[in-house]
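Single-letter residue listing:
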Amino acid sequence: MSAAMATFDEARAYFLCGVCETAQLATFQTRVTARPAMNVLDIGMPFEVTDDPETRGYLKLREHQAGTPIRILEAWNCGACGSAQWAWLVVEDHRLSDVERRDLTRETLADTHYGTIQLYYLLPVGSGGELDELPLNDKIDRLLQAAAQEAQ
Ligand SMILES: [Zn+2]
């Protein structure tokens, strides 16, 4: 038996790239499942979110209320043009109820409960920790500013 433990699963959904509009079956890693096992997860499949996504490196953007859908922002890359893309995993009633391609906008971030560590990569090195102390609107401002600079 290998001592290595799986640290992720993969979510899978059909998307149109937001840049080149190529239709594709996108597969991307997620680290928020309670027991990562390198499973491939499609919409409708059972999905348990870990009690503490922050210990897996996720940025907490808003408080999740028990019994309501939880939205997790993940990153993927277009297989045709290679551009960085974003998607929500929506989990409700212990299932992956939707996977939705999202643009990195104020609306997306404001409705996200937990965001992938790749959001931190938008920020200047070492400044991710400061973000934890900021109110939600300031966190969102900081991430959007960083994303705008990245795009230039
Ligand atoms: Zn593309």
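1. Description of the overall build of the protein
Next up, step 1: Broken down by element type, the protein carries three helices and eight strands.
Next up, step 2: Listed N to C, the secondary structure of the protein is β-β-β-β-β-β-β-α-β-α-α in terms of helices and strands.
Next up, step 3: Scaling as 2.2 N^0.38, a compact globule of 152 residues should have a C-alpha radius of gyration of about 15 Å, and the protein matches this with 15 Å.
Next up, step 4: Principal-axis analysis of the C-alpha atoms gives the protein an extent of 40 × 35 × 35 Å.
Next up, step 5: Expressed as a percentage of its 152 residues, the buried residues of the protein come to 28%.
Next up, step 6: Long-range contacts, defined as pairs at least 24 residues apart, comprise 61% of the intrachain contacts of the protein with a sequence gap of at least 6.

2. Focus: the sheet that holds strand β8 (residues 114-115)
Next up, step 1: Taken in spatial order, the five strands line up as β4-β8-β5-β6-β7 in an open sheet, and their pairing is mixed. The two strands at the open ends of the sheet, each matched to only one other strand, are β4 (59-60) and β7 (95-102).
Next up, step 2: Bridge analysis of strand β5 (residues 70-77) against β8 gives two bridges, and the strand direction is parallel. Residue pairing in the sheet places I72 in a bridge with Y114 of β8.

3. Describing the sheet that holds strand β1 (residues 9-16)
Next up, step 1: Read across the sheet, three strands follow the order β2-β1-β3 without closing on themselves; strand pairing throughout is mixed. Across the chains shown, the open sheet's two edge strands, defined by having one partner strand only, are β2 (23-30) and β3 (40-41).
Next up, step 2: Where β1 and β2 come together, eight bridges link them in antiparallel fashion. When the sheet's bridge partners are listed, A13 is paired in β2 with A26.

4. Some thoughts on the pairing of strand β6 (residues 84-92)
Next up, step 1: Two elements, β5 and β6, share eight bridges in a ladder whose sense is antiparallel. Paired with I70 across the strands is V91, a residue of β6.
Next up, step 2: Connecting β5 to the next strand, β6, in antiparallel fashion are six residues, including G82 with a positive phi near 80°.
Next up, step 3: Where β6 meets β7, seven bridges bridge the pair, whose relative direction is antiparallel. Residue pairing for β7: A87 is matched across the bridge by R101.

5. Things to note about the environment of L25
Next up, step 1: Position of L25 among the secondary structure elements: in strand β2.
Next up, step 2: Look at L25 and you get exposed, because 10 C-beta atoms sit within 10 Å.
Next up, step 3: Residues L25 and E74, spaced 49 residues apart in sequence, show a C-alpha to C-alpha distance of 15 Å.
Next up, step 4: For L25, the residues in contact, after removing those within four places along its chain, are R12 and Y14.

6. A look at unusual backbone geometry
Next up, step 1: Unusually for a residue other than glycine, E21 sits at a positive phi of about 65°.
Next up, step 2: Note that E21 resides in the loop between β1 and β2.
Next up, step 3: In this structure, D93 is a non-glycine residue whose phi angle is positive, near 50°.
Next up, step 4: Relative to the helices and strands, D93 is located in the loop between β6 and β7.

7. Some points on the environment of Q65
Next up, step 1: Topologically, Q65 is positioned in the loop between β4 and β5.
Next up, step 2: Measuring from C-alpha to C-alpha, the distance between Q65 and R95 comes to 16 Å, with 30 residues separating the pair along the chain.

8. Remarks on the environment of L59
Next up, step 1: Inspection of the secondary structure assignment puts L59 in strand β4.
Next up, step 2: As a C-alpha pair, L59 and G82 span 23 residues in sequence and 24 Å in three-dimensional space.
Next up, step 3: Contacts of L59, omitting those with residues within four sequence positions, involve Y114, G115, L119, Y120 and L131.

9. Notes on the nonpolar core
Side chains of nonpolar character tend, in soluble globular proteins, to be buried together.
Next up, step 1: Membership of the largest hydrophobic core comes to 27 residues, with the highest contact counts inside it found for A11, I72, L89, L96, V99 and Y114.
Next up, step 2: Where this core is concerned, the elements lending two or more residues are β1, β2, β5, β6, β7 and α3 (136-151).

How each quantity is defined
Counting from 1, residues in each chain are numbered in the order their sequence is written. Local features are withheld for residues below a pLDDT of 70 in this predicted model, meaning they are given only at 70 or higher, and side-chain atom pairs are given and counted only at 80 or more; totals for whole chains, interfaces and linings count all residues. In this text, helices come from DSSP runs of H or I with a minimum length of four residues, and strands from runs of E with a minimum of two, each type numbered from the N-terminal end. Both definitions apply: the radius of gyration is a C-alpha atom measure, and the globule rule equals 2.2 Å times residues to the power 0.38. With C-beta atoms placed from the backbone, a residue is labelled by how many other C-beta atoms lie within 10 Å of its own: buried for 20 or more, exposed for 12 or fewer, partly exposed between the two. In this description, any two residues whose backbone-derived C-beta atoms lie within 7 Å of each other are considered to be in contact. By this definition, two strands are paired if DSSP reports at least two bridges between them. The term nonpolar core means buried Ala, Val, Leu, Ile, Met, Phe, Trp, Tyr and Cys residues held together as one set by C-beta atoms within 7 Å.

Take it as geometry only, folks, not as evidence of what the structure does.
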